[in-house]
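Chains, contacts and geometry: an overview
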Amino acid sequence: MTPRPLGSTGLEVTPLCVGTSPLASMPRLYGYDVSDERAVATIEAVLDSPIRFIDTSNGYGEHGEAEKRIGLALAARGGLPADVVLATKVDPDPVTGDFSGKRVLASYEESLERLGVDRVPLLYLHDPERISFEEAVAPGGAVEALVRLRDEGRVDYIGVAGGPVRLLAQYLETGKFDALLSHNRYTLLDRSAQSLFATARQRGIGVVNAAPFGGGMLAKGPDVQSKYGYGERDERIADAARAMAAACARHEVPLPAAALQFSLRAPFIDATVVGVSSPERVDQTLEYAGLEIPEGLWAELETMVPPSDFWLD
Ligand SMILES: NC(=O)c1ccc[n+]([C@@H]2O[C@H](COP(=O)([O-])OP(=O)(O)OC[C@H]3O[C@@H](n4cnc5c(N)ncnc54)[C@H](OP(=O)(O)O)[C@@H]3O)[C@@H](O)[C@H]2O)c1
């Protein structure tokens, strides 16, 4: 967990980052509820661990529950430890859907209040697929507001965090972003973000890969977690995950260890974001990150990758 540079930003981050969307209790996405107590205990376990990078968002939970719960845990610890990088994201107004520059500034203020901090070093534009690119980059739009926050020193770095790789590439082409986060698109089952990540890395943009378990399927197994990438799954994806689980079992490696290390070992990824919702998961995730995996297993898993038409866009 030695911190390393996040692209050419001045930030240093641990290769593992804890993702907090499950802490918002979103049973529609994850299939279970998470109480305030469990969420706070999870963040406390993270603060006690060597992981020094936390990912959240204004929009995790209908009323920002993830940020509020992180705020409770930080308050109980007397504030954010100086060596922890806390990143959050700006989201549209949950009632009107407004995602203008004005809303970006309001979203950031809301986040700071919930988290109980004065600023965050890294602020992402979250899921920009919810508005058109033209709207986001127009005068008075979301991108201009983020750049203003950075120019005014209210955040150190700005990033774009979302799914569709072609759209993310368009945002990176603007030259305004310091960091990129994509999710579910560089996993054992899906490689759609690989060339975007490699290009971002070459340009000095920090690269963050989220959801190495495909939202849970590669951690719990396809027979327990029926969703894949937060949506309905194609059975052929589940079959590939089953074949991979069997290959892992032959090598006596837990499937989630291989899924996690697949991202951790990629030369173009600075940090991997894993969603956790209970304190035990923190140690378990660190254990998975440290297990030795035989080279032969990687070669075998490569033969099982579903063809690109099954990958997310
Ligand atoms: N657009 C964006 O910015 C964006 C999009 C997606 C994700 N993200 C970030 O990335 C994070 C990771 O994504 P994610 O949480 O959706 O997906 P993920 O990391 O692929 O999977 C998380 C799921 O895996 C389960 N899990 C983790 N470790 C496990 C283990 N050892 N055994 C069994 N199950 C395990 C968790 O269940 P338990 O709750 O049981 O631990 C959770 O349901 C998010 O929390 C968020 O911070 C950002």
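Residues numbered from 1 in each chain as written. Predicted model: local features only at pLDDT ≥ 70, side-chain atom pairs only at ≥ 80, totals over all residues. Heavy atoms only, no water.

Let us look at the overall build of the protein chain. A tally of helices and strands in the protein chain yields 13 helices and 10 strands. Its C-alpha radius of gyration of 18 Å places the protein chain within 12% of the 20 Å reference for a compact globule of 313 residues. C-alpha atoms of the protein chain, sized along the principal axes, occupy 55 × 40 × 35 Å. Long-range pairs, those at least 24 residues apart, make up 73% of the contacts in the protein chain between residues at least 6 apart in sequence. For the protein chain, the exposed area adds up to about 12,900 Å²; of that, 50% sits on carbon and sulfur atoms. Positive and negative side-chain charges in the protein chain, numbering 30 and 45 respectively, have mean positions lying 1 Å apart. (Helix = DSSP H or I, 4+ residues; strand = E, 2+ residues; numbered from the N terminus. Rg over C-alpha atoms; globule rule 2.2 N^0.38 Å. Contact = heavy atoms within 4.5 Å. Areas by Shrake-Rupley, 256 points an atom, 1.4 Å probe, with all protein chains shown as cover. Lys, Arg positive; Asp, Glu negative; His and termini not counted. Charge placed at Lys NZ, Arg CZ, Asp CG, Glu CD.)

What follows deals with the packing of aromatic side chains. Summed over the entire model, instances satisfying the criterion amount to five aromatic pairs. Look at Tyr171 and Phe177: their rings are 6.0 Å apart centre to centre, the planes differ by 75 degrees, and that puts the pair in the edge-to-face class. Of the two residues examined, Tyr171 and Phe177, each falls in the buried class. Seen in terms of ring centroids, Tyr186 and Phe268 are 5.3 Å apart; in terms of plane orientation they differ by 80 degrees. Their pairing is edge-to-face. Of this pair, Tyr186 sits in the loop between β8 (179-183) and α8 (194-202) while Phe268 is found in the loop between α11 (255-264) and β10 (271-275), placing the two residues 82 residues apart along the sequence. Residue Tyr186 is classed as buried on the basis of its relative accessible area, which comes to 6%. An aromatic cluster of at least three residues, connected via ring pairs, comprises Tyr186, Phe197, Phe262 and Phe268. (Phe/Tyr/Trp six-rings, centres within 6.5 Å; stacked < 30°, edge-to-face > 60°. Buried < 20%, exposed > 50% of the residue type's maximum accessible area, 1.4 Å probe, protein only.)

Function cannot be inferred from these measures alone, as they are strictly geometric.
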